[in-house]
Amino acid sequence: MRQLPTPPQARAAPLASHLLLACARHGIDRVDDGMLGLLALRRLMSATAGRQKRALGRPLRDQARESQVRLRAHRCAQRLHVSTETADSLASLLFADALRQQSLQDAHAAARTVRSESHPASDAAMDRSHALLRLIPPPARWRPLLRLAPTPLRDRLVARALSQALSPAHIGSALDDITGRRLGIEIADLGQRCVLEWRDGHLHVVDAPAEATVRGTATDLLLLAARLEDADTLFFQRRLVLTGDTELGLTVRNLLDRMPFDAMPLALRIVLHRGARFARAAREAFRA
Ligand SMILES: O=C(O)C(=O)C[C@]1(C(=O)O)C=C[C@@H](O)C=C1
């Protein structure tokens, strides 16, 4: 069969289609990330529901509640023009996931009961906190939710926390040597980054390229800020990575090292310490 010549608009169409397909897929990926973030939140809540049902002596499966959830899902699906069968399948998937998670909790609780007969009470308490910590999703899973937070709000919060921690009243003129220099902080697992500049005796979050950047996970950066890990160990173990102007990075590290931790307000030190220890315990429990 002889091929007909391709009209010009048909030749232009594939490029537009390729672009639109790529854009649509990019959007789909973002939405999928968001849905998984929401699933992680739902699991936290269904874990609580599971524990309370156990405490009340109720069975894990609650068909009356499932019917209510399905009904709500149907109504919501109709409003959003999503097929009710799809909403129904999604509900079944969510119940199955919640029940699987709750049965696992049950199995752990049973194992603890057996062990507590031969172990001291402190072991049981440790097991319990370990199991709870395991339910906390690691920072990377919070990433899609954090992306929903507007950047100006995040920058304002970062700037306020840092100016509390590093106000001239507490640190004197220690950072004056790096006035006007820009240091980037990248929290790899949360997908967050910001550029800081020391100016007029305060730290500012600026919208400009960084001269040097320190990259690490949320937990490691928190451990560093709380002085529960030192920068040398973290750099040596490649848990912190410095890029760009290494000299600036090392100057900042030395300045922060020399700054006494108790120069920070007490409340902030307590929050940092507790937060860092909690994040480290959650990371260890999750890896175990
Ligand atoms: O509400 C509860 O009791 C839950 O455990 C949550 C949930 C759900 O995923 O929505 C899970 C299992 C039950 O059968 C009913 C509902």
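Residues numbered from 1 in each chain as written. Predicted model: local features only at pLDDT ≥ 70, side-chain atom pairs only at ≥ 80, totals over all residues. Heavy atoms only, no water.

An unreviewed UniProt entry lists the protein under the name Ubiquinone biosynthesis accessory factor UbiT, with Luteimonas composti given as the organism. Under the UniProt heading Pathway (unreviewed entry), the entry covering the protein gives this text: "Cofactor biosynthesis; ubiquinone biosynthesis." Quoted verbatim from the Function (unreviewed entry) heading of the UniProt record, the comment on the protein is "Required for O(2)-independent ubiquinone (coenzyme Q) biosynthesis. Likely functions as an accessory factor." (UniProt positions renumbered as here; feature names shortened; annotations may be inferred.)

## Brief notes about the environment of C194
Assignment of secondary structure puts C194 in strand β2 (residues 192–199). The spatial distance from the C-alpha of C194 to the C-alpha of T151 is 9.6 Å, given a sequence separation of 43 residues. Excluding residues that lie within four positions of it along the chain, C194 makes contacts with R154, V158, L183, G184, I185 and V205. (Helix = DSSP H or I, 4+ residues; strand = E, 2+ residues; numbered from the N terminus. Contact = heavy atoms within 4.5 Å.)

## So, the pattern of salt bridges
Per the counting criterion, the structure on display carries 13 salt bridges. Among the ionic pairs, R61 bridges to E66, the shortest N-O distance being 2.9 Å. Classification of R61 as partly exposed rests on a relative accessible area of 45%. With its nearest N and O atoms 3.0 Å apart, the salt bridge here joins R199 to E197. Taking relative accessible area as the criterion, R199 reaches 30% and is therefore assigned partly exposed. On the basis of relative accessible area, E197 is assigned to the buried category, the value being 12%. Residues joined in a network through salt bridges with shared partners are D220, E229, R239 and R283. (Salt bridge = Lys/Arg side-chain N within 4 Å of Asp/Glu carboxyl O. Buried < 20%, exposed > 50% of the residue type's maximum accessible area, 1.4 Å probe, protein only.)

## So, the side chain of E229
One can find E229 in the loop between α8 (218–225) and α9 (231–236). Every residue in contact with E229, bar those within four places of it in the chain, is listed here: L223, L224, L234 and R239.

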